[in-house]
Each structure stands twice: as C-alpha cells, then as structure tokens.
Amino acid sequence: MVAVTRLIQAPVASVWQVFTDLSRRGEWLSAVARVEVLTEGPFGAGAAWRETRRMADGGEITEEFRVFECVIPDRFVVKSPGIGADYKMTYSFVPVISGRHRGGTMVTVVQDGAPPRRSAGSSR
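On a predicted model such as this, the values are computed, not experimentally measured, just so you know. (Residues numbered from 1 in each chain as written. Predicted model: local features only at pLDDT ≥ 70, side-chain atom pairs only at ≥ 80, totals over all residues. Heavy atoms only, no water.)

*Asks:* Give me the lowdown on the nonpolar core, citing residues and values where you can.
*Replies:* Counting residues in each nonpolar core, the largest one holds 17 residues, and the members touching the most others are Phe19, Phe43, Trp49, Phe76, Val78, Tyr91 and Phe93. Broken down by secondary-structure element, the contributors of at least two residues to this core are α1 (12-20), β4 (60-71), β5 (75-81) and β6 (86-95). A total of four residues in this core trace back to one element, the largest contributor, which is α1. Setting aside chain neighbours within four positions, we find Phe93 in contact with Val12, Val15, Trp16, Phe19, Pro73, Asp74, Arg75, Phe76, Thr105, Met106 and Val107. (Core = buried A, V, L, I, M, F, W, Y, C linked by side-chain atoms within 4.5 Å. Buried < 20%, exposed > 50% of the residue type's maximum accessible area, 1.4 Å probe, protein only. Helix = DSSP H or I, 4+ residues; strand = E, 2+ residues; numbered from the N terminus. Contact = heavy atoms within 4.5 Å.)

Structural data, given as structure tokens:
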C-alpha cells in the first residue's frame, strides 16, 4: 500500500471537478499521454476509461480503470486489472476548515495492489 496526501489551495468542489473530469486527466497528471473515456454520462460508480501513461524508460503502458464507489464530493474508489497486479486507488477529499490553509482541500490517494486473481479454471 502507498498513500500520498497533498494540500491543494482550492475548495473541495473545485478540486473534485478537476479530479473527476476524465477527459482532462492529462492536464494535471504529467505522466498521462492519452485518455479514452469508455462510458457516457457523469462521473460516478461504473464510469470507465482507458489511460496511456509514459514510463520512465520512454515506453508507454495502457490500462483500463473503472469507478467502483463514488461519494460526491468526499471520495471515489477506482479499480484496474493492471498488468502484473490488480490495483485499487481510493481518492479522498477533506476540506480544511481552520488555520492558515482554511478553504483548501487535503487530497489523499491510497493505492493498494495485489497479484491478479486467477479464474477458477486457470492453472499454473
């Protein structure tokens, strides 16, 4: 498991809008080369997209993501049957209500990975 928390100096509603606008992910995620939205309608449970990211070695990797859970504007959970591992990423958005960063948003992303599940009929 890997967890990263960052402060964004913007209100939760604005941060949520940026994180859930799938077609614009490449504008705020520098490693994202392309995004293909696979579902129609608003962001929420069931929304899916295919994302191509640039790797450190200059290559690219494309993976498919699906929103598993969505609680507007508090959190959403994304799952991906990744290459070599199944991923689950939980994005949480917490408003800062006091102190010098009041009005900002604490964003936490927790990524869990596990070996891909084999179907009952598969063997090794």
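Having seen it, we continue.
*Asks:* Give me the packing of aromatic side chains: which residues, what numbers.
*Replies:* In the structure shown here, the tally under the stated rule is ten aromatic pairs. Ring geometry for Trp16 against Phe76: centres 5.6 Å apart, planes inclined by 85°, an arrangement best described as edge-to-face. Of this pair, Trp16 sits in helix α1 while Phe76 is found in strand β5, placing the two residues 60 residues apart along the sequence. No difference in accessibility class separates Trp16 from Phe76, as the two residues are buried. Summarising the aromatic geometry, the rings of Phe19 and Tyr91 are spaced 6.0 Å apart at their centres and angled 70° between planes, so their arrangement reads as edge-to-face. (Phe/Tyr/Trp six-rings, centres within 6.5 Å; stacked < 30°, edge-to-face > 60°.)

*Asks:* Break down the environment of Ser80 for me, citing the residues and quoting the values.
*Replies:* Inspection of the secondary structure puts Ser80 in strand β5. A sequence separation of 79 residues divides Ser80 from Met1, and the C-alpha atoms of the two residues are 15 Å apart. Ignoring sequence-local partners within four residues, the contact set of Ser80 consists of Glu63, Glu64, Phe65, Ala85, Asp86 and Tyr87. Within the structure, the side chain of Ser80 is placed 2.8 Å from the backbone oxygen of Glu64, a separation counted as a polar contact. (Polar contact = N/O pair within 3.5 Å; in protein donor to acceptor, adjacent residues only side chain to side chain.)

*Asks:* I'd like a rundown of the sheet that holds β4, residues and numbers included.
*Replies:* Here we have seven strands laid out as an open sheet, ordered β1-β7-β6-β5-β4-β3-β2, and antiparallel in their pairing. Because the sheet does not close on itself, it has two edges, and the strands there are β1 (2-8) and β2 (32-37). Within the sheet, the average angular offset between the axes of one strand and its neighbour, ignoring direction, is 25°. Pairing geometry for β2 and strand β3 (residues 48-54), over five bridges, is antiparallel. Bridge pairing links Val37 to Trp49 in β3. Across the sheet, α1 touches β1, β4, β5, β6 and β7 (105-114), and the angle it forms with β6 is around 160°. (Pairing = 2+ DSSP bridges. Axes fitted to C-alpha atoms, helices over the stretch in contact; angles between N-to-C directions.)

*Asks:* An account of the side chain of Glu63 is needed here, citing residue identities and associated values.
*Replies:* Along the chain, the position of Glu63 falls in strand β4. We classify Glu63 as buried; its relative accessible area is 7%. A polar side-chain atom of Glu63 sits 2.5 Å from a polar atom in the side chain of Arg53. Those residues in contact with Glu63, other than ones at most four positions away along the chain, are Trp49, Arg50, Glu51, Arg53, Ser80, Gly82, Ile83 and Tyr87.

Interpretation in functional terms is not warranted from these geometric data alone.
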